[in-house]
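Descriptive structure summary
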Amino acid sequence: MSSRRDFLQQLTIGIGVAALSPAAASATIANVKKSEKQLRVALMGLGGYANMVAKAIKDCKRVVLTGIVTGTPGKIPEWQPAYGIPDKNVYSYDTLYQIADNPDIDLVYITTPNSLHYQHVLQVAAAGKHVICEKPLADNAQQAREMIAACKKAGVKFYVGYRLHFEPHTRELIRMRKAGEFGRIMCVNNYMGFKIGDPTQWRLKKALAGGGAMMDVGVYALNGARYATGEEPLWVTAQETKTDTVKFAEVDETVTFQLGFPSGAIASCGTTYNFNNYERLYLIGDKGFAELSPAFSYGPTRGRTHLGAMNQPIVNHQTVQMDGLADCILNGTPDPGMTGEEGLKDMLVIDAVYESIRRNGEKIYLNKKGTV
Ligand code: NAD
């Protein structure tokens, strides 16, 4: 990793002063300050998803991108002028602790590879900034517990990037379930997977990914089973299928898992890194049903229930997530299911999924109160 000084030196060489004059930079910050109720965000780990979030923030009413944290100096000349980020709001992983003294940044959004989430959340909490961490929250439940404790101790808010909790079809499904419109929930069938490309990417390396399809996108099927039932599972069984032992030498390829809930509802779920067109949430109650398909990717999300098409608005998931979370942080609006604790609940089940796979599909019991 390079130092911040190296970054800024690189910046001068790379784009010159004209691309982001100090006047332009301070004008951007001045605009931010003028708006009282805006959440000022720094993105950490400027890869594919950070790019998507940064673009989505441009359409936010209550959020502004004011900083970046990167280990790749070469990205700075692109990001600074694109988002009007001044030199003083550019950090490396090594200088991240200095963000503590920066009043232009309220929250850091962590979009680094999965296995770095733990250390990065602890660092952001230590710097006294609110934090949103991408899914999966951590490598395991123990790390998630420690992350929650660190944020509590530091007095900062801690969220996980479960964008669907602000997605209108998903919210309507949850509203209908809470209103009893599906009756007693009997069964959930959720799938989420895709065929992964580049065999050299970090997602296929256990040390950076923590696990494979289950960690990356199986978490959507799992989280969806929890919000479709409104319950925490009592038991888990799981099976792994590996058809390519070279590409998937370090991580899981295809996982199927089953959950049993206190009410008697069951969920049958699947995830894969080895085929496409595998995405659906299907909820069956004794009075009705709901189907979302696509349910978990960026959409456009579509849904139908026993009453017909859901006809909910099509939104940019990241824009509504960021504006929604800003509302929670700035105005105390109730959180819709994106706290660190929600991430922990999923990590407890993921631990149990892997444990069941290790024990050839044996039933793993979670504690009686649910999973926490
Ligand atoms: P990516 O590979 O495109 O970006 C990762 C970034 O982390 C890169 O900028 C890379 O330079 C940086 N990085 C820092 N240290 C690194 C290291 N040691 N090795 C590799 N890269 C390192 O990945 P991505 O698709 O942006 O995913 C990032 C995170 O966001 C993951 O946790 C992923 O699960 C999550 N994600 C969430 C969604 C969602 O819809 N919520 C979608 C995509 C990704």
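Structure: see above.
Conventions and cut-offs
- Residues numbered from 1 in each chain as written.
- Predicted model: local features only at pLDDT ≥ 70, side-chain atom pairs only at ≥ 80, totals over all residues.
- Heavy atoms only, no water.
- Near = heavy atom within 4 Å.
- Polar contact = N/O pair within 3.5 Å; in protein donor to acceptor, adjacent residues only side chain to side chain.
- Areas by Shrake-Rupley, 256 points an atom, 1.4 Å probe, with all protein chains shown as cover.
- Helix = DSSP H or I, 4+ residues; strand = E, 2+ residues; numbered from the N terminus.
- Pairing = 2+ DSSP bridges.
- Contact = heavy atoms within 4.5 Å.
- Axes fitted to C-alpha atoms, helices over the stretch in contact; angles between N-to-C directions.
- Core = buried A, V, L, I, M, F, W, Y, C linked by side-chain atoms within 4.5 Å.
- Buried < 20%, exposed > 50% of the residue type's maximum accessible area, 1.4 Å probe, protein only.
- Right-handed = clockwise from strand over helix to strand, strands pointing away.
- Parallel < 35°, antiparallel > 145°, perpendicular 65-115°, else oblique.
- Nonpolar A, V, L, I, M, F, W, Y, C, P; charged D, E, K, R; others polar.

Details of the site of the ligand
Surrounding the ligand, one finds 23 residues, the nearest of these being G48, N114, K135, R163 and W202. At 3.3 Å, a backbone N or O of T112 approaches an oxygen atom of the ligand. For the ligand, an oxygen atom lies 2.7 Å from a polar atom in the side chain of W202. Bound to the protein, the ligand loses 79% of the 830 Å² it would expose on its own. Counting residues per element, the ones that place at least two in the shell around the ligand are α3 (48-57) and α9 (213-229).

Here we look at the sheet that holds strand β1 (residues 39-44)
Sheets are built from strands paired through backbone hydrogen bonds, the pairs being either parallel or antiparallel. Spatial ordering of the open sheet is given by β3-β2-β1-β4-β5-β6, a layout of 6 strands whose pairing is parallel. The sheet is open, and its two edges are formed by β3 (90-91) and β6 (158-160), each paired on a single side. Bridge analysis of strand β5 (residues 130-133) against β6 gives 3 bridges, and the strand direction is parallel. Pairing of V131 across the sheet is with F158, part of β6. Sheet strands touched by helix α10 (residues 317-331): β1, β2 (63-69), β4 (107-110), β5 and β6. Its angle to β1, the strand with the most contacts, is close to 125°.

Remarks on the nonpolar core
Among the nonpolar cores identified, the biggest contains 101 residues, and L173 and F257 are the most heavily contacted of them. Counting residues per element, this core draws most heavily on α9, at 10 residues. Here L173 is in contact with F182, A228, L281, L283, A290, L292 and M310, once residues within four sequence places are set aside. Formed by 6 residues, the second largest nonpolar core is a distinct cluster that contains I196, L204, F248 and Y273.

Concerning the pairing of β5
Judged by which residues are buried, β5 turns out to be covered on both faces: H130 and I132 on one side and V131 and C133 on the other are all buried. A crossover connection joins β4 to the parallel β5 through helix α5 (residues 117-126); in handedness this β-α-β unit is right-handed. For the crossover from β5 across helix α6 (residues 141-154) to β6, the handedness is right-handed.

Quick word on the sheet that holds strand β10 (residues 266-272)
Spatial strand order, β14-β13-β12-β11-β7-β10-β9-β8-β15: 9 strands in an open sheet with mixed pairing. Each having just a single partner strand, β14 (308-309) and β15 (364-365) make up the two edges of the open sheet. Sheet topology note: the strand β9 (residues 254-260)/β10 ladder contains 7 bridges and is antiparallel. The partner of T256 across the bridge, within β10, is G270. Those strands touched by helix α7 (residues 168-178) are β7 (185-193), β11 (278-285), β12 (289-292) and β13 (303-305), and its axis lies near 165° from that of β12. Of the strands in this sheet, β7, β9, β10 and β11 are in contact with α9, which crosses β7 at around 160°.

Some remarks on the side chain of Q201
Examined against the element boundaries, Q201 turns out to sit in the loop between β7 and α8 (206-209). A polar atom in the side chain of Q201 sits 2.9 Å from the backbone oxygen of D198.

Examining the packing of α5 against α6
Where α5 contacts α6, the two axes come as close as 9 Å, and the packing angle between them is 10°. The angle between α5 and α6 falls in the class roughly parallel. Residues H117, Y118, V121, L122 and A125 of α5 form the contact with α6, whose participating residues are Q143, E146, M147, A150, C151 and A154. Partitioned by chemical class, the residues of the contact of α5 with α6 number 8 nonpolar, 2 polar and 1 charged.

Note that all results are geometric; they support no functional claim without further evidence.
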